[in-house]
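Summary of structural features
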Amino acid sequence: AMIGKGEHRHFMAKEIFEQPQVMGDTLNAMFNPAERTITLPDLGMDLKDISRVTLIGCGTASLAASVAKYWIEHVARVPVEVDVASEFRYRCPPLPEGGVALFISQSGETADTLAALRYAKSQGQRVIGVVNVPESTIAREADAVLPTLAGPEIGVAATKTFVSQLMVLACFSLALAEARGAVAPDRVAALSAALAEVPSRAVEVLNHDKRIRDIAADLAEARDVLYLGRGTSYPLALEGALKLKEISYIHAEGYAAGEMKHGPIALIDETVPVIVIAPSDGLFEKTASNVQEVVARGGRVVLFSDAAGIARMGDTALYAIEMPAVDPFVTPLLYALPIQLLAYHIAVHKGTDVDQPRNLAKSVTVE
Ligand code: G6P
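Everything numeric here is computed off the predicted structure, so don't read it as measured data.

**Digging into the overall build of the protein**
A tally of helices and strands in the protein yields 13 helices and 12 strands. Dimensions along the principal axes, computed over C-alpha positions, put the protein at roughly 55 × 45 × 40 Å. By the burial criterion, 51% of the 367 residues in the protein qualify as buried. Considering only residue pairs separated by 6 or more positions, the protein has 74% of its internal contacts joining residues 24 or more positions apart.

Below is the structure:
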């Protein structure tokens, strides 16, 4: 069937606004609300036997993998290796027995990701595809599939498939944690319940659209933009910078907030906007002191945090966007949305071809 943009100017905007629905659909395929339990599709193996996880993807999918590394290590206490497919496939890393490797890909056709899957399979890993296209090559060659139920994504820059990948990976983390007895059952239930609240919380977040559009107008002339975060907000900083580069052609860099002093701090002055992703989690105070270093050098801070974080740090920011207060486990699923909107509105302001950015392809099936 023909897919239209509905009321939106671009597919990217339509797909950003579909995210509450998409996250709900993806979760509902695995979540039992009455019992607050998560059941994965059959992976052909006992989850409790998994002693090591490898997560591989390209582009935005590799950043979903990077978020999941924090989740899996934190709740399931299983060591995780994460890499981009184009490095992994030629590095030929040793992969110990009992390992499972997840290949994350919207299209299921990315050449490097497919080659990485074939390598992992040859090394005796159980390979799982996390794909949005069920009839894709990666889906067919994998031992099992964890589907992202995002529906067709037309915008070249991934949006709804990213949060759908995150939802699948969050469920995988919790199922693994439960099977291994790594956390108390009521903690798994509480985190599952927090996931179940994400779609309605995401609707609240999207209500900031107009405010973010105004901020975007102020940032659109920047030549460089820096994104900072710690923990799971670090890969989100990378994703924010990637989205901005892809569609607005502004140079942007994502950095672990604690690494800023080892390089990017040299760039900061009043012309460099600094986007700070800082939910009030256990790392908040650490990020807050990095923000002070930015402000002391005249940097213009755009802060994404919750009410408590803004109360603590809002004065130092030029702009602050108030996010819902949620369990830190689920923040990546929500903070992904305003960084997409920011990139989107900056690109629209600059008049670039948002859905079909220059030099980029939706699916990269050649090396
Ligand atoms: C291209 C797209 C990106 C995407 C990446 C991986 O670069 O422009 O949006 O993240 O490929 O694609 P995949 O289909 O494997 O998720």
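**As for the site of the ligand**
Taken together, 16 residues surround the ligand, and among them Gly59, Ser105, Gln106, Ser107 and Thr110 come closest. With 3 residues, helix H3 (residues 59-76) is the single largest residue contributor to the shell around the ligand.

**Focus on the environment of His262**
By the element assignment, His262 lies in the loop between strand E9 (251-256) and strand E10 (273-277). Between the C-alpha atom of His262 and that of Asp83, which follows or precedes it by 179 residues, the distance is 23 Å.

**Observations concerning the packing of helix H7 (residues 160-180) against helix H13 (residues 331-350)**
The geometry of a pair of packed helices is captured by two quantities: the angle between their axes and the separation between those axes. Contact geometry of H7 with H13 gives a least axis separation of 10 Å together with a crossing angle of 175°. Relative to H13, the element H7 lies roughly antiparallel. Packed against H7, whose contacting residues are Phe162, Val163, Leu166 and Met167, the element H13 presents Pro332, Leu333 and Ala336 at the interface. Split into classes, the residues belonging to the contact of H7 with H13 amount to 7 nonpolar, no polar and no charged.

**A few points about the pairing of strand E12 (residues 319-323)**
Pairing of strand E11 (residues 300-306) with E12 involves 5 bridges; the strand directions are parallel. Bridge pairing in E12 places Leu303 opposite Ala320. Between the parallel pair E11 and E12, the chain is carried across by helix H12 (residues 307-313), and the sense of this crossover is right-handed.

**A word on the environment of Ser136**
Within the secondary structure, Ser136 sits in the loop between strand E6 (126-131) and helix H6 (137-141). Sequence separation between Ser136 and His10 is 126 residues, and the spatial gap between their C-alpha atoms is 26 Å. Ignoring any residue separated from it by four or fewer positions in sequence, one finds Ser136 in contact with Ser107, Gly108, Glu109 and Val131.

**Overview of unusual backbone geometry**
Both trends apply: most residues other than glycine have a negative phi, and most peptide bonds are in trans. The residue Arg36 is not glycine, and still its phi comes out positive at about 50°. Along the chain, Arg36 turns up in the loop between strand E1 (31-32) and strand E2 (37-38). Even without being a glycine, Cys92 presents a positive backbone phi close to 45°. Residue placement: Cys92 occurs in the loop between helix H4 (85-91) and strand E5 (99-105). Overall, Cys92 belongs to the exposed group, with 10 C-beta atoms counted inside 10 Å.

What counts, and where the lines are drawn
Residues numbered from 1 in each chain as written. Predicted model: local features only at pLDDT ≥ 70, side-chain atom pairs only at ≥ 80, totals over all residues. Helix = DSSP H or I, 4+ residues; strand = E, 2+ residues; numbered from the N terminus. Buried ≥ 20, exposed ≤ 12 C-beta atoms within 10 Å, placed from the backbone. Contact = placed C-beta atoms within 7 Å. Near = placed C-beta within 6 Å. Axes fitted to C-alpha atoms, helices over the stretch in contact; angles between N-to-C directions. Parallel < 35°, antiparallel > 145°, perpendicular 65-115°, else oblique. Nonpolar A, V, L, I, M, F, W, Y, C, P; charged D, E, K, R; others polar. Pairing = 2+ DSSP bridges. Right-handed = clockwise from strand over helix to strand, strands pointing away.

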